[in-house]
Amino acid sequence: MEANFAALAEAAPRIWEGLGITLLLTLGGALLAIVIAVVLGLGARLNNVFLRGICRVFIEFFRGTSLVVQLFFFFFVLPQLGVDLPAMVCGILGLGLNYGAYCAEVVRGSINSVPTGQWEATTALSLSKAQRMRRIIFPQAWALMIPSLTNYLIHMLKGTAIVSFITLADLTFHTEQLRQDTNTFFAYGVSLVIYFVLAYILTLMMKGLEVQAKHKLGRGESLRDTLSLKAPDTAVAAEGGKG
Amino acid sequence: MPTITDPDTVPAPRPAASVPAIKFENVEKRFGDNVVLKDLNFEVARGDRVTLIGPSGSGKTTILRLVMTLEELSGGYIYIDGEPLTHEERDGKRVELGEKAQKQIRKRIGMVFQQFNLFPNMSVLENIIEAPVHVLGQSKEQATARAMELLESVGLPDKADAHPLELSGGQQQRVAIARALAMDPEILLLDEVTSALDPEIVGEVLGILRHIADTTDITMLIVTHEMQFARDVSNRVMMFDGGKVVEEATPEVMFTNPQHERTQSFLQAVLGNGEDQIGTR
Ligand SMILES: Nc1ncnc2c1ncn2[C@@H]1O[C@H](COP(=O)(O)OP(=O)(O)O)[C@@H](O)[C@H]1O
Ligand SMILES: [Mg+2]
């Protein structure tokens, strides 16, 4: 066992680097995914049949094809067509497009579940379509989307493990290396713990976003109250600072 | 009424009093195969307060929603101040107006909903100034000053920074009224605005609407079950049934001496047996 930990300590700098790659992929993929999700999610609601059609095809295509194949396509096929992208870009692109397509459905669904009365009130006040979406509907839909987006974010974190197929030395790659100096049980045990901690941190952060978004809609306490144990006076100070 | 001597020098003259604020012309509304309104014709004069009564499902809400452009017109025309609202006749054909043209007319119309529909992502004040700032282009200061006046007049001056969901139903509805008034509508549509409220709160909201009726010249189209309120506020009552106007009269006549058999039985059902309960309450 001691030998295992010695090997782990020795591998720590490499694992740390792999962790960096994994995080970069996750965050890069998540940012790209959310942009794609919002664009496609809104696009899939357009009146224009043509644009709506394009968005739908996009969504269905990237949901319907496997992430591994997409990564291989970006990394091995595109160069043959003269487009040579770095592995990291391929990874972020693949993750972002794939999860963006899934999340587009979340965005679209959340927007559609903002109560009809809210839409009608914007008509009664003569807001334009853009104002309606930006100022009234989307902010309310946002609170509805976060739980599902959190799910996909965790999926994506775990999904990054396949990028070692396209030469990226991520967390999984380095723990795999660790296995050669220790044993299968130990190396995968370390891997499980690290992924779990990462996923847990991401979940907590998203939970924070959700609490904040719900509080903005008048449901539930503020994030500050949730986090602090000596709530009352600090909370008042925070409210006062807002005005 | 202002007298306009030289139309060229007066910017955007208000239409003459003889032009109706609202005009329905051969209006038809279908939901699928369900014909809700057919060949409906009526006018509402400027400054009129018209109450629509009739059994549930007779199309009262649909009429208000058509005026607010919340429902698509299946046939016919609606005119606001003599101008087409959503469709017009061009070369004998019925054509839909563009969104821009529709919005110009829609801006003159406000609506208060049964369920208030305040925006939960904004404070009370933000709810009220949202459209004045972003639709009418008022400055934030200007809109805020007016909003505070309106909050004062609906009795909620200290709730500006409150969140809508912190308020009681009655308070939310008062904010919704203030929000509609902040757009300075020429026409105000009120669809059973007290139906979602506890009975003891209904009075405070009706009191505010009475005050608005007394102090402004806003044209009002009202759907309500509060017959006393209808009687106090409106100068005309229209009885609907089967998508048609069955009878129309002043509230005095309608509530004490209805002519049509359908009106008689409807009012009897709504008011109970005492014939002129309303007048003596
Ligand atoms: N969105 C809708 N889809 C289908 N039918 C509707 C819809 N809205 C109203 N209706 C129908 O139209 C008729 C009139 O409804 P409504 O205008 O709400 O009546 P009222 O307000 O007088 O009770 C009813 O038969 C109702 O079922
Ligand atoms: Mg109704």
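Residues numbered from 1 in each chain as written. Chains lettered and ligands numbered in written order. Predicted model: local features only at pLDDT ≥ 70, side-chain atom pairs only at ≥ 80, totals over all residues. Heavy atoms only, no water.

Quick look at the pattern of salt bridges now. Counted according to the given criterion, the structure contains 28 salt bridges over all chains. For Glu10 of chain A, the salt bridge identified is with Arg14 of chain A, shortest N-O distance 3.8 Å. One end of the pair is Glu10 of chain A and the other is Arg14 of chain A, both in helix α1 (residues 2–43) and four residues apart, which spans about a single turn. A residue is classified by how much of its surface remains accessible, and Glu10 of chain A, at 52% relative accessible area, is exposed. With a relative accessible area of 32%, Arg14 of chain A lands in the partly exposed category. Residues Arg30 of chain B and Glu28 of chain B are paired through a salt bridge, measuring 2.7 Å at the closest nitrogen-oxygen approach. (Salt bridge = Lys/Arg side-chain N within 4 Å of Asp/Glu carboxyl O. Helix = DSSP H or I, 4+ residues; strand = E, 2+ residues; numbered from the N terminus. Buried < 20%, exposed > 50% of the residue type's maximum accessible area, 1.4 Å probe, protein only.)

All told, the structure shown has 14 aromatic pairs over all chains when counted by the stated rule. Ring geometry for Phe61 of chain A and Phe62 of chain A: centres 5.1 Å apart, planes at 85°, overall edge-to-face. Exposure remark for Phe61 of chain A: the relative accessible area of 47% places this residue in the partly exposed category. The buried category is assigned to Phe62 of chain A, whose relative accessible area is 10%. One aromatic cluster is present, built from ring pairs that chain together Phe72, Phe75, Phe76 and Phe165 of chain A. Sitting above the plane of the Phe119 of chain B ring, Arg179 of chain B keeps its charged end 4.5 Å from the centroid. (Phe/Tyr/Trp six-rings, centres within 6.5 Å; stacked < 30°, edge-to-face > 60°. Lys NZ or Arg CZ within 6 Å of the ring centre and 35° of its normal.)

This next bit is on the confidence of the model for chain B. Residues and elements named next belong to chain B. Looking at chain B, pLDDT values average 90 and 91% of them are 70 or higher. Across chain B, strand β8 (residues 109–112) holds the top mean pLDDT of 98, while helix α10 (residues 277–280) sits lowest at 44. Segment residues 274–281 is flagged for pLDDT under 50; beyond a separation of four residues in sequence, or across chains, it makes 11 contacts in the model. Scored as a complex, the prediction yields pTM 0.87 and ipTM 0.89. (pLDDT = per-residue confidence, 0-100. Contact = heavy atoms within 4.5 Å.)

The next point concerns the site of ligand 1. All names here are of chain B. Every residue lining ligand 1 is accounted for by Phe31, Asn34, Val36, Pro55, Ser56, Gly57, Ser58, Gly59, Lys60, Thr61 and Thr62. In the environment of ligand 1, an oxygen atom lies 2.7 Å from a nitrogen or oxygen atom belonging to the backbone of Gly57. About the coverage of ligand 1: the protein hides 59% of its 550 Å² of free accessible area. At the level of elements, β2 (34–44) and α1 (60–67) are the ones that each hand at least two residues to the shell around ligand 1. Sort the elements by how many residues they give to the shell around ligand 1 and α1 lands first, with three residues. (Near = heavy atom within 4 Å. Polar contact = N/O pair within 3.5 Å; in protein donor to acceptor, adjacent residues only side chain to side chain. Areas by Shrake-Rupley, 256 points an atom, 1.4 Å probe, with all protein chains shown as cover.)

What follows deals with unusual backbone geometry. All names here are of chain B. One non-glycine residue, Asn26, lies in the positive phi region at around 45°. Relative to the elements of secondary structure, Asn26 occurs in strand β1 (residues 22–31). In this structure, Asp39 takes a positive phi of about 50° despite not being glycine. You can see Asp39 is positioned in strand β2. Owing to a relative accessible area of 44%, Asp39 belongs among the partly exposed residues under this scheme.

Residue and element names in this part refer to chain A. Burial in helix α7 (residues 171–181) covers these residues: Leu171, His174, Thr175 and Leu178. Along α7, the residues classed as buried sweep out an arc of 100° about the axis, all on the same side. Considering only its buried residues, α7 is in contact with α1 and α8 (184–216). (Arc of directions from axis to C-beta.)

A separate point is the sheet that holds strand β11 (residues 236–241) of chain B. All names here are of chain B. The sheet built from six strands is open, its strands ordered β8-β9-β10-β3-β11-β12 with mixed pairing. Of all strands in the sheet, those with a lone pairing partner are β8 and β12 (244–249), marking the two edges. Looking at each pair of strands side by side, their axes are set apart by 20° on average, direction ignored. Looking at chain direction, β8 and strand β9 (residues 187–191) are connected through four bridges and run parallel. Residue Val112 lies in a different strand from β9, and its bridge partner there is Leu190. The strands touched by helix α9 (residues 261–271) within the sheet are β3 (49–53), β11 and β12, with β11 carrying the most contacts at an inclination of about 100°. (Pairing = 2+ DSSP bridges. Axes fitted to C-alpha atoms, helices over the stretch in contact; angles between N-to-C directions.)

Okay, the environment of Ala182 of chain B next. Residue and element names in this part refer to chain B. Along the chain, Ala182 turns up in the loop between α5 (169–181) and β9. Placed 143 residues apart in sequence, Ala182 and Asp39 show a C-alpha to C-alpha distance of 34 Å. Leave out the neighbours within four places in its chain, and Ala182 touches Ile128, Pro132, Leu136 and Leu150.

Before going further, it helps to examine the interface of chain A and chain B. Between chain A and chain B, the residue contacts involve 20 residues of the former and 25 residues of the latter. Counting the surface lost from both chain A and chain B, the interface buries some 2000 Å², and carbon and sulfur atoms represent 59% of this. Contact with chain B buries surface across chain A, with Leu125, Ser126 and Arg135 of chain A losing the most and accounting together for 29% of the total. One can count two salt bridges joining chain A with chain B. The tally of links from chain A across to chain B stands at nine residue pairs in polar contact (both at pLDDT 80 or more). Of all elements in the fold, only α5 (116–124) and α6 (129–159) of chain A reach the threshold of two or more residues within the side of chain A that touches chain B. Sorting elements by how many residues they give to the side of chain A that touches chain B places α5 of chain A first, with seven residues. Grouping the constituent residues of the side of chain A that touches chain B by class yields seven nonpolar, nine polar and four charged. (Buried area = accessible area lost by both parts, 1.4 Å probe. Nonpolar A, V, L, I, M, F, W, Y, C, P; charged D, E, K, R; others polar.)

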